[in-house]
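Residue-level structure breakdown
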Amino acid sequence: ISMRTLTTLLGNSQKLDGGAMFGNAPRALWSRWMQPDAENRIDLGCRALLVRDGERNVLVETGIGAFFPPALRQRYGVQEERHVLLDSLAAVGLDDADIDVVLLTHLHFDHAGGLLAAWEEGQPARLLFPNAHFVSGRRHWQRARQPHPRDRASFVPELLDLLQASGRLELLDDGERSAHLGEGWRFHFSEGHTPGQMLPEIAMPDGPVVFSGDLIPGAPWVHLPLTMGYDRFPEGLIEEKERLLDSLIARNGRLVFTHDPCVAMGRVRRDEQERYSLYDTLERVENLEA
């Protein structure tokens, strides 16, 4: 059996409106968990997960990247001009050409934008990861290609065109295994945030690890009633979240958070009042052995 290790990598960071991120919670409550700035924005990370799987390098998500021109970078609160994920890969001895598979939970720009090279004046969008297969869910791909007016701005048509033209896109139906990922990977499909979001579960000796994407974007959202203003179906999302959390508690599983600036991973518990919380949290994960 080949050795598998997990390492979290930071991409570009963002500042986004706290009210939008905490949807149904009042500022008096959420500002205790994440301190807003003068413009009501909170700090958010865009964390990817590197899975070294024997000889293969699998990257789960790519963050927002640096593809936006300056005006849009400012609008969406992207903090760095450079492509931070490429720096994080370099720090572990890799570059984008070394990645064999990129798994995309969904195709919103803050999760898939890092597939593109950093913005340059007068240059067209350019796809990075020249040797990778790109794996995502078929239903979500169809949503990205025919978005609703409410989420159209979350997708980057040029990126979708480049993925399609690459000839390296693998779209999975619900319940299907990935030909490029093989054993030890399964997927939870979720509708609450966006139709067909695909959350990978990686088998580990001491319990599974789930990359929770935008179902549970960070540690505060483990609290069951919390949803984001960006979620399509908040009540359905809460039910999906409860099922996933109960499943992880039963199996001693862990969550990896993409948007939490401080917490990369944690285990879940439920107290006598039926409230979920985290323990055994880590700020970063480095070569965790599977």
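Quick look at the structure, then. In this text, all values refer to a predicted model and were calculated from it rather than measured experimentally.

What counts and what doesn't
- Residues numbered from 1 in each chain as written.
- Predicted model: local features only at pLDDT ≥ 70, side-chain atom pairs only at ≥ 80, totals over all residues.
- Heavy atoms only, no water.
- Pairing = 2+ DSSP bridges.
- Helix = DSSP H or I, 4+ residues; strand = E, 2+ residues; numbered from the N terminus.
- Axes fitted to C-alpha atoms, helices over the stretch in contact; angles between N-to-C directions.
- Contact = heavy atoms within 4.5 Å.
- Disulfide = S-S within 2.5 Å.
- 1 Å grid on protein atoms, 1.4 Å probe; cavity = no way out; pocket = protein on both sides within 12 Å on 5 of 7 lines; lining within 4 Å.
- Points joined across faces, edges and corners; volume = space filled by probe spheres on them.
- Nonpolar A, V, L, I, M, F, W, Y, C, P; charged D, E, K, R; others polar.
- Phe/Tyr/Trp six-rings, centres within 6.5 Å; stacked < 30°, edge-to-face > 60°.
- Buried < 20%, exposed > 50% of the residue type's maximum accessible area, 1.4 Å probe, protein only.

What about the sheet that holds strand β10 (residues 197-202)?
Spatially, 6 strands are ordered β9-β10-β11-β12-β13-β14 in an open sheet, and the strand pairing comes out mixed. Of all strands in the sheet, those bounded by a partner on one side alone are β9 (185-190) and β14 (276-282). Across the sheet, the mean angle from the axis of one strand to that of its neighbour is 30°, orientation sign disregarded. Relative to strand β12 (residues 254-256), strand β11 (residues 209-211) is paired through 3 bridges, and the arrangement is parallel. Looking across to β12, one finds that Val-209 is bridged to Arg-254. Packing of helix α8 (residues 234-250) onto the sheet brings it into contact with β9, β11, β12, β13 (265-270) and β14, and relative to β13 it is tilted by some 95°.

Looking at the state of the cysteines
Evaluation of the coordinates by the stated rule reveals 0 disulfides. Free of any disulfide, Cys-46 has its nearest neighbouring cysteine sulfur in Cys-262, separated by 14 Å.

Some thoughts on the side chain of Asp-151
Positionally, Asp-151 belongs in the loop between α6 (138-145) and α7 (157-166). With sequence-adjacent residues up to four places away left out, Asp-151 is seen in contact with Arg-143 and Thr-194.

Regarding empty space enclosed by the protein
Under the defined criterion, the tally for this structure stands at 1 cavity of 30 Å³ or more. Considering only enclosed or pocket space, the largest cavity measures out at about 30 Å³ in volume. Grouping the amino acids of the lining of the largest cavity by side-chain chemistry returns 6 nonpolar, 1 polar and 3 charged.

Here's the deal with the packing of aromatic side chains
Summed over all chains, the structure comprises 7 aromatic pairs. Measuring from ring centre to ring centre gives 5.7 Å for Phe-22 and Trp-30, while their planes differ by 10°; the resulting arrangement is stacked. Of the two residues, Phe-22 and Trp-30, neither departs from the other in class, the shared state being buried. Between Phe-22 and Trp-221, the ring centres sit 4.4 Å apart and the planes meet at 5°, which makes this aromatic pair stacked. Taken together, the positions of Phe-22 in the loop between α1 (18-21) and α2 (27-33) and Trp-221 in the loop between β11 and α8 put the pair 199 residues apart, joining distant regions of the chain. No difference in accessibility class separates Phe-22 from Trp-221, as the two residues are buried.

Describing the pairing of strand β4 (residues 47-53)
Along β4, 6 of the 7 residues are buried, which leaves the element largely enclosed by surrounding structure. Sheet topology note: the strand β1 (residues 4-10)/β4 ladder contains 7 bridges and is antiparallel. Looking at the pairing, Thr-7 lines up with Leu-50 of β4. Looking at chain direction, β4 and strand β5 (residues 56-60) are connected through 5 bridges and run antiparallel. Bridge assignment links Leu-50 to a residue of β5, and that residue is Leu-59.

Honestly, that's just the spatial picture; any functional story needs more than this.
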